[in-house]
Amino acid sequence: MPVGIFRVCLVVLTAIVNHPLIFPRENGTVPKNMEEIIQKMKEREEILRLEQLRLEQEIAEQEAIQMALEKSAEVVKESKEEKVRWDMWTALSMVIFLLIELWRQDFQEGIWQDTGGEEDDMAVLGKAFKGVAFPDKAALASFYEKRILGTTGDMARMREMVEGFADDLLEALRSVCNRDADMEVEDCMGVGSMYENWRVRKPFVCDLIVPFAPPEPYCFRSQTWCSGDSFPPAEQGYGTIKVCRAGEDVTGCICDKTKLGEDMLCLLHSQANTTRPSSEMEDLLCFKNTQYLDADQVMKWFQIAVTKAWNRISHKYEFDLSFSLLDSPGALKIKFRSGKSIAFNLTPVVQYENSDVYFISHFPRRSLAADLPSSTHWFLTFAVYERRFIQLVSKTLPANACHVSCLQILSFLHGKQCSLTGPSGLTNYHLKTVMLHLLQARPSQDWAPEKLEARLQDMLKFLEKCLHEKKLYHFFIGNGKVPAELGFPIIFQRAEPLNLFRPFVLHRDVYRKTVDTFHEMLRNMTALINEYTVHIPLAQTNGIHKESF
């Protein structure tokens, strides 16, 4: 410490001794331009001050830019966090909505068969019908007797005439076909409203289906949407038909999928049978380069065969036969010399396995149907089982039961309304499906003839409910309560229910027009019935009031 103090003192003393003003050196002089030096120092000081100000300004600008960047980064970060929060809430809301919708659909599908026939359930429905006057019992009875009962005899005579002619035509068709190469045609069967005795509107048209099979040694192998493989929703209710040789594995041998080489042979198939030429499959009415039966090819073959058959037997009849509709290949018309005509549909079908379910090439007069996925997809018809179910249930109902009368009246009202306001998405098949559901749901005594009015109201309310929900399920598909006496295939009973109103979900304009037509029919119902009702004396109507629903 003392050494340090000594060093400092020595430095200070040296500085004092060497200062030029205290001890001027020899020959030393004080500069004469002191003022000039001071001026330069001031100028230098001013330059340094300006430079300092410039540097301070640049630093301030840099700090401002940095603060702006930090603020913008914070805004971007906050916006991202807000967007993430918004996306999360949106996604969560969508998930909740989908879960609610799925639960609602599952709940409704779980109770679709449970109509129960209870008055409380039906009372909840028909809200759109409040204030609509319903025809009284006397008016309904008079209308049914005058307008509908008189058509029964005409239908019976027409069925007899058409069936006899169709049998003769098919017999001639078999004679003109090559038994070794052409399809084998079986006897025709009558289906639909004409054979279930509920068709009321003219012109009467008989629907006949004609099963056919391939020539030996071929056979049909069918596959439906409910056979295990996944089908898209648009193809539900359809199936495909594969043409195979008898005994051939439908999945195919590995020799058809793998090149075995020139020196290798398949032990199961000879060279003659490994591959069928394309022309042979086309002769079997298959789609080009496939083994799947083509509905368009079948209809072309059938039209040509019917034309040849008619040319062979036309000399026996005193009328002409022609194809009446271009969009319905099986629609035929008999024209008499008197000018009268009879129309009927003759449609080829393929039997599904050993059942009475059939693949049908097309549906005549079908209004609410999506286009076929392709010409190799065939729709399934359960018309034979529907007719048998109505016959089976009718045996357990009271005498002169009103189930057919309800369907006839509803079919007439809807057809009359469509003739006034244009076609709608509802068809007679939908109306029949409603009746089938109620036949299964309600006890037999509820279909007594005196309960015609109540059952007609039930059908209208049930139809209104289905329209509101856009759900009317096929009666047989997915219905585990089908009577065992029918021998209905179990595969269709275990399938998911098929919604016949699914096209309404896809075509809102058709749905809106259908609902409007239905409501208009309800408002015009009394007027439409009174138009075809004879005058009822006042004494018969006393004490009878019009009901509203």
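Source: prediction; values computed, not measured.

Draft legend 1. View of the overall build of the protein. When helices and strands are tallied, the protein shows 16 helices and twelve strands. Looking at the protein as a whole, 41% of its 549 residues qualify as buried. If you take every contact in the protein between residues at least 6 apart in sequence, the share linking residues at least 24 apart comes to 72%. Taken as a whole, the protein presents about 32,600 Å² of accessible surface, with 56% of it coming from carbon and sulfur.

Draft legend 2. Highlighting helix 12 (residues 452–469). In this model helix 12 runs 26 Å from its N-terminal to its C-terminal C-alpha over 18 residues, within 8% of the 26 Å that 1.5 Å per residue would give. Extensive coverage of helix 12 is indicated by the burial of 14 of its 18 residues. Directly after helix 12, the chain includes Lys-470, whose backbone phi takes a positive value near 55 degrees.

Draft legend 3. Spotlight on the packing of aromatic side chains. Taken as a whole and judged by the stated rule, the model has 28 aromatic pairs. When the centroid spacing of 5.9 Å and the interplanar angle of 50 degrees are considered together, the rings of Phe-212 and Trp-301 count as tilted. Here Trp-301 lies in helix 8 (residues 295–313) and Phe-212 lies in strand 4 (residues 205–213), a separation of 89 residues in the sequence. The residues Phe-212 and Trp-301 share a single accessibility class, namely buried. Members of the aromatic cluster, joined through ring pairs, are Trp-225, Tyr-352, Phe-359, Phe-382, Tyr-385, Phe-389, Phe-475, Phe-476, Phe-488 and Phe-492.

Draft legend 4. The packing of helix 10 (residues 403–421) against helix 11 (residues 428–441), seen in detail. For the pair helix 10 and helix 11, interaxial distance at closest approach is 10 Å and the crossing angle is 150 degrees. Overall, the two elements helix 10 and helix 11 adopt an arrangement that is roughly antiparallel. Classified by chirality, the crossing of helix 11 by helix 10 is right-handed. Touching His-403, Leu-407, Leu-410, Ser-411 and His-414 of helix 10 are Asn-428, Leu-431, Lys-432, Met-435 and Leu-439, all from helix 11.

Draft legend 5. The confidence of the model for the protein, seen in detail. Per-residue confidence for the protein gives a mean pLDDT of 79; residues scoring 70 or more make up 73%. Residue range residues 25–30 is modelled with pLDDT below 50. Its contacts to residues more than four positions away, or to other chains, number zero contacts.

Draft legend 6. Focus on the side chain of Arg-442. Its place among the elements puts Arg-442 in the loop between helix 11 and helix 12. At 3.0 Å, the side chain of Arg-442 forms a polar contact with the side chain of Asp-446.

Draft legend 7. Quick peek at the nonpolar core. Within the largest apolar cluster, 112 residues are counted, with the highest numbers of intra-cluster contacts made by Leu-169, Leu-293 and Phe-344. With residues up to four places along the chain from it excluded, the contact list for Phe-344 reads Val-162, Phe-165, Val-205, Cys-206, Leu-208, Leu-321, Gly-330, Ala-331, Leu-332 and Ile-334. Counting residues in hydrophobic clusters, the runner-up holds nine residues, among them Val-191, Ile-209, Tyr-358 and Phe-379.

Draft legend 8. Structural detail: the pairing of strand 4. Most of strand 4 sits out of view: eight of its nine residues are buried. Where strand 2 (residues 184–185) lies against strand 4, two bridges are found, and the strand directions are antiparallel. Across the sheet, Glu-184 pairs through a bridge with Ala-213, a residue of strand 4. Relative to strand 4, strand 3 (residues 189–191) runs antiparallel, the two being bridged by three bridges. Bridge pairing in strand 4 links Met-189 to Ile-209. Across seven bridges, strand 4 lies against strand 9 (residues 341–351) in parallel orientation.

Draft legend 9. Spatial organisation of the pattern of salt bridges. On inspection of all chains with the given rule, the structure shows 17 salt bridges. Between Glu-58 and Arg-54 there is a salt bridge; the shortest N-O distance is 2.5 Å. With Glu-58 and Arg-54 both in helix 2 (residues 34–110) and four residues apart, this pair spans about one turn of that helix. The partly exposed category is assigned to Arg-54, whose relative accessible area is 37%. The closest approach of N and O atoms between Arg-442 and Asp-458, which form a salt bridge, is 2.9 Å. Of this pair, Arg-442 sits in the loop between helix 11 and helix 12 while Asp-458 is found in helix 12, placing the two residues 16 residues apart along the sequence. The pair formed by Arg-442 and Asp-458 is uniform in burial state, with each residue classed as buried. Via salt bridges that share partners, Arg-442, Asp-446, Lys-451, Arg-455 and Asp-458 belong to a single interconnected network.

Draft legend 10. Just the UniProt feature "coiled-coil region" (unreviewed entry) in the protein, in detail. Per the UniProt annotation, the sites labelled "coiled-coil region" (unreviewed entry) are residues 38–70. Along residues 38–70, the helical share is 100% and the strand share 0%, with 47 Å between the first and last C-alpha atoms.

Draft legend 11. Region of the structure containing the side chain of Glu-196. Within the element layout of this structure, Glu-196 appears in helix 6 (residues 193–196). Classification of Glu-196 by relative accessible area gives buried; the value is 8%. Ignoring anything within four residues of it in the chain, the contact list for Glu-196 reads Ala-383, Glu-386, Arg-387, Ile-390 and Lys-432.

Calculation rules
- Residues numbered from 1 in each chain as written.
- Predicted model: local features only at pLDDT ≥ 70, side-chain atom pairs only at ≥ 80, totals over all residues.
- Heavy atoms only, no water.
- Helix = DSSP H or I, 4+ residues; strand = E, 2+ residues; numbered from the N terminus.
- Buried < 20%, exposed > 50% of the residue type's maximum accessible area, 1.4 Å probe, protein only.
- Contact = heavy atoms within 4.5 Å.
- Areas by Shrake-Rupley, 256 points an atom, 1.4 Å probe, with all protein chains shown as cover.
- Expected span 1.5 Å × (residues − 1).
- Phe/Tyr/Trp six-rings, centres within 6.5 Å; stacked < 30°, edge-to-face > 60°.
- Axes fitted to C-alpha atoms, helices over the stretch in contact; angles between N-to-C directions.
- Parallel < 35°, antiparallel > 145°, perpendicular 65-115°, else oblique.
- Left-handed = near helix turned anticlockwise from the far one by under 90°.
- pLDDT = per-residue confidence, 0-100.
- Polar contact = N/O pair within 3.5 Å; in protein donor to acceptor, adjacent residues only side chain to side chain.
- Core = buried A, V, L, I, M, F, W, Y, C linked by side-chain atoms within 4.5 Å.
- Pairing = 2+ DSSP bridges.
- Salt bridge = Lys/Arg side-chain N within 4 Å of Asp/Glu carboxyl O.
- UniProt positions renumbered as here; feature names shortened; annotations may be inferred.

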